Amino acid sequence: MKNKFLAALLAGASLLTMTACGGNASADTGAAAGDTAKVAVVQLVDNDAFTEMIDSFENKLTELYGDGVTYDVKNAQGDMSTLNSIASELKTADYDLVVPIVTPATQAVNAGVTAPVVFISVTDPVAAGIMGDMAKPDKNATGTSNIVPVDEIFTLAGKLTPDVKNIGILYCSGEKNAVLTAEKAKAYLD
């Protein structure tokens, strides 16, 4: 019964992904009486954007499954050693689903966690080693990407400020996603 519910939960997460990307999907499925799925949500740091992501995810699952899901939000408070400790605990914990938010949290939990992983807001899951192919999820993970459309940004910038001759790109060199986006921006501008 729990495996059947987990399959339905993952289907719901997929619907959430499609909904977040502009699709419109709904389901008329609820949790079986007395059957509750346990979901661990892992975040590197607390901020308004991540809180909104967690709330949206929880709201969609509540819409789909009612009160059949319990959540355990784990926050590393910006500390990588705490994040690694959380990930280590999850390897032996009894969760039905693990939902990490952003790349570092996903990388930490995806190494050795046996529960399915549905990540939120990972810029490039393939480059980060989380998955082998976005079209065919593997490595026990699937989720949503927040890749930055640099071509659209610079197209709009060109319309708004057509006389600009020099563009500076500010980014954090220690953040893999920022480096990837900066490289894409440089390539586009070249």
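About the cut-offs
- Residues numbered from 1 in each chain as written.
- Predicted model: local features only at pLDDT ≥ 70, side-chain atom pairs only at ≥ 80, totals over all residues.
- Heavy atoms only, no water.
- Helix = DSSP H or I, 4+ residues; strand = E, 2+ residues; numbered from the N terminus.
- Contact = heavy atoms within 4.5 Å.
- Areas by Shrake-Rupley, 256 points an atom, 1.4 Å probe, with all protein chains shown as cover.
- Phe/Tyr/Trp six-rings, centres within 6.5 Å; stacked < 30°, edge-to-face > 60°.
- Lys NZ or Arg CZ within 6 Å of the ring centre and 35° of its normal.
- pLDDT = per-residue confidence, 0-100.
- Core = buried A, V, L, I, M, F, W, Y, C linked by side-chain atoms within 4.5 Å.
- Buried < 20%, exposed > 50% of the residue type's maximum accessible area, 1.4 Å probe, protein only.

> What is the right way to read the overall build of the protein from this model?
Across its full length, the protein carries six helices and five strands. Taking all contacts inside the protein whose residues are at least 6 apart in sequence as the whole, residues at least 24 apart take part in 61%. Total accessible area on the protein stands at roughly 10,400 Å², and carbon and sulfur atoms take up 53% of it.

> Is there a simple way to explain the packing of aromatic side chains in this structure?
To describe a pair of aromatic rings, you give the distance between the ring centres and the angle between the ring planes. As enumerated under the stated definition, the model contains one aromatic pair in all. Between the aromatic rings of Phe 154 and Tyr 188, the centroid separation amounts to 5.8 Å while the plane-to-plane angle is 10 degrees, which identifies the pairing as stacked. With Phe 154 in helix H5 (residues 150–160) and Tyr 188 in helix H6 (residues 176–189), this residue pair connects regions lying 34 residues apart in the sequence. Taking the ring centre of Tyr 95 as reference, the NZ or CZ of Lys 38 above it sits at 5.2 Å.

> When you look at the confidence of the model for the protein in this model, what are you seeing that I'm missing?
When pLDDT drops low, the exact placement of atoms in the prediction is not to be read closely. Residues of the protein with pLDDT of at least 70 account for 82%, and the chain-wide mean is 82. When mean pLDDT is taken per element in the protein, strand E3 (residues 97–101) scores highest with 96 and helix H1 (residues 2–20) scores lowest with 43. Of the regions scoring below 50 in pLDDT, residues 1–32 engages in 52 contacts with residues more than four places distant in sequence or in other chains.

> What exactly am I supposed to notice about the nonpolar core here?
The tendency in soluble globular proteins is for nonpolar side chains to be buried side by side. In terms of nonpolar packing, the biggest core is built from 37 residues, with Val 42, Leu 90 and Val 98 touching the most fellow members. Listing elements by their share of this core, those giving two or more residues are strand E1 (37–43), helix H2 (48–65), helix H3 (80–92), E3, helix H4 (103–110) and strand E4 (117–122). When residues of this core are assigned to their parent elements, the largest contribution, six residues, is made by H2. Setting aside residues up to four positions removed in sequence, Val 42 forms contacts with Lys 74, Leu 83, Ile 86, Leu 90, Val 98, Val 99, Pro 100, Ile 101, Ala 105 and Val 109.

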